[in-house]
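Fold and geometry: a report
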Amino acid sequence: MSYQVIARKYRPQTFADVVGQEHVTQTLRHAIEQNRIAHAYLFCGPRGTGKTTIARIFAKALNCTGGPKADFDDNDPKCKEIAEGRSIDVLEIDGASNNGVEQVRELRETCKYAPASSKFKIYIIDEVHMLSTAAFNALLKTLEEPPGHVKFMFATTDPEKVLPTILSRCQRFDLRRIPAKLIVEQLTKIAKQEKVKISAEALFAIARGADGGMRDAESTLDQLISFCGDKIEEPDVLSMFGLAAQKQLLELSLAILGGETETALRLLNDLAKGGKDFGRLLSDLLNHFRNLLIFQVSRGDLSLLEVSEDEVASLKEQSAMADASALTRIMEVLANAEIRLRDASSKKILLEVTLLKAIEARNAVSIDAVLKRLQDLRGGESSASASATQRRAPIAATPAEAPSPAKREVAENSQQRTEPAPAAPAPLVLAETPASNDLETLWARLVESVGRASPFTRSYLLEAHPVSLAKNVLTIGFDPEFEDHIALVDNARNHTLLQTKLAELGHANTQLKFIKAEPAPGRVAILVETPQPAAAVESKAPVKSASKPTAAPAPPAKEKVAPVPFNKDDFKNDPLIQKALEIFKGQIVEVRA
């Protein structure tokens, strides 16, 4: 007898033998027991998951002696005929090679005749998505109203290519990828029957490379037995298929999370020298960080993961090294590299750059977090200034000691005629109001939000500045040198975009107005010493005459501070600006007044 490969030798022969597809086998068993057998079935799923195998087992259950029976005897002559492909009432057709209209017409003619020795005439069409549109259309009428003795079973890896009119006439079953744990258990049984010693690490490496396909895993084991003999270790599997060892993968992920650039590049170089597949390495690395994220979010729920015991210990260790947002940024970098790797001419260089970007992404700070931090710092400085003002404010005179208006007027006139003495230090006043702070913060968030939706519009907004926000109208000014850009940005599309983003930021129903406007002086917090608490630096009020009665001076809180001339050096040395540079790790390129 000729040699039979493991995938065929250990092919499931009954519903109980099928691994990892209980949702399909249980439904078919109940349909047989309740005598609710449809005339057409469609089995979908990845390669090597059991589509054609389940169709054959179902055909056995229908055409066995005394059938239909879910628990049939596998030694039944009719079942053996079907298993060996000798049954004239069960026809297996390859859809890839019989995809024309003529073959379908021939099928339509033969299905009219009753089965020769079985209860049903069963047609199993593999890779049914390969049929042409004309062939599908020719099959429609027969598939909708077939003779009572005819059953159709279709198998496909790409159900999207099957016509909707065919799909609607079939009962569809979607087969899943088989979990790695079940693949390892099945391979262990096969290895024991084949009298082969294989380590647990090697079994897990085979299951990892099979990617949910039992047939792929069995074919790999068959090849390894030919390569290694009766003893198989993990390095044998890795060297044959170019996979990275689990230990190397965990060390590389640990280097990324720890920010160890040199270690990460050395590990990648060692993997490259070992001839590892870069595409597979990137996929395994992305899958590991996915497992790490799920482990962290689910608080250690292992039922959501397919990992070995060694990887579980590593997940517990690494989950404390980064939060969910950092892991998400790392996964985005790896996912983008996986797409670009297919077209890259130098895959190693791309992977090295990807590792550097992943390490940077681990330590990166989101723009929202930076803006919140700056706002907190700004609020802290404002409260500190206010408390300092309260501490240094002069004690107000009591009503009994307050001078009369006439005496105060005489004193003021005499003070104006004499040379003014040096003023004593007065409370510090902040030359920037909270309202302007809010407008600047709103503008920064608006530009950032618009940039995510339209980088083109954001490039114009970077040349503009907010003028005012009053009565639900946001006025945006452009410098005279950028006046010609107003016509480019002032259109219905940009109005809608800006209004949408403003609504997201809490300013709904806000209108927009674009104007030419000189930029306001640098909005830097300047502390000014004044002769009186909260008094103006420059007073525009005329000198009062002693002969005319004057009104009492306005309360200090209502007086406004005159704008202070903009100083670039003061701006660069401002503590808040220095803190922003420290957070962003940047430098000042240009300062505009």
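Within the protein one finds 25 helices and 12 strands. Within the protein, buried positions represent 38% of all 593 residues. Once local pairs closer than 6 in sequence are excluded, the contacts in the protein between residues at least 24 apart make up 75%. For the protein, the exposed area adds up to about 33,800 Å²; of that, 52% sits on carbon and sulfur atoms.

Turning our attention to the sheet that holds strand 11 (residues 511-516). In any sheet, the strands associate via hydrogen bonds between backbone groups, in a parallel or an antiparallel arrangement. Strand order in the open sheet formed by three strands is 9-10-11, and the pairing between neighbours is mixed. Each edge of the open sheet is held by one strand with a lone partner, namely strand 9 (464-470) and strand 11. Averaged over all pairs of adjacent strands, the angle between strand axes in this sheet comes to 25 degrees, irrespective of strand direction. Relative to strand 10 (residues 473-478), strand 9 runs antiparallel, the two sharing six bridges.

Together, Glu 201, Glu 233, Glu 309 and Asp 310 make up a region of like negative charge exposed at the surface. Residue placement: Glu 309 occurs in helix 15 (residues 309-318). Residue class for Glu 309 comes out exposed when judged on its relative accessible area of 73%.

Another aspect to go through is the side chain of Gln 186. Take Gln 186: it is sitting in helix 8 (residues 180-193). Owing to a relative accessible area of 15%, Gln 186 belongs among the buried residues under this scheme. Sequence-distant contacts of Gln 186, that is, excluding residues within four places in its chain, are made with Val 19, Met 214 and Glu 218.

Turning to the pattern of salt bridges, a few remarks are in order. Pairs can form between side chains of opposite charge once their charged atoms are near each other. Using the criterion set out here, one finds 18 salt bridges in the structure. Salt-bridge contacts for Arg 29 lead to Asp 71; the nearest nitrogen and oxygen are separated by 2.7 Å. Taken together, the positions of Arg 29 in helix 2 (residues 22-33) and Asp 71 in the loop between helix 3 (51-63) and helix 4 (77-84) put the pair 42 residues apart, joining distant regions of the chain. Given a relative accessible area of 57%, Asp 71 falls into the exposed group. Linking Arg 172 and Asp 174 is a salt bridge whose minimum nitrogen-to-oxygen distance equals 3.1 Å. Its relative accessible area of 39% is what places Arg 172 among the partly exposed residues. The network of salt bridges with common partners includes Arg 208, Arg 280 and Asp 284.

Definitions and cut-offs
- Residues numbered from 1 in each chain as written.
- Predicted model: local features only at pLDDT ≥ 70, side-chain atom pairs only at ≥ 80, totals over all residues.
- Heavy atoms only, no water.
- Helix = DSSP H or I, 4+ residues; strand = E, 2+ residues; numbered from the N terminus.
- Buried < 20%, exposed > 50% of the residue type's maximum accessible area, 1.4 Å probe, protein only.
- Contact = heavy atoms within 4.5 Å.
- Areas by Shrake-Rupley, 256 points an atom, 1.4 Å probe, with all protein chains shown as cover.
- Pairing = 2+ DSSP bridges.
- Axes fitted to C-alpha atoms, helices over the stretch in contact; angles between N-to-C directions.
- Patch = residues over 30% accessible without salt bridge, like charges linked within 9 Å, V, L, I, M, F, W, Y side chains within 5 Å.
- Salt bridge = Lys/Arg side-chain N within 4 Å of Asp/Glu carboxyl O.
- Lys, Arg positive; Asp, Glu negative; His and termini not counted.
- Charge placed at Lys NZ, Arg CZ, Asp CG, Glu CD.

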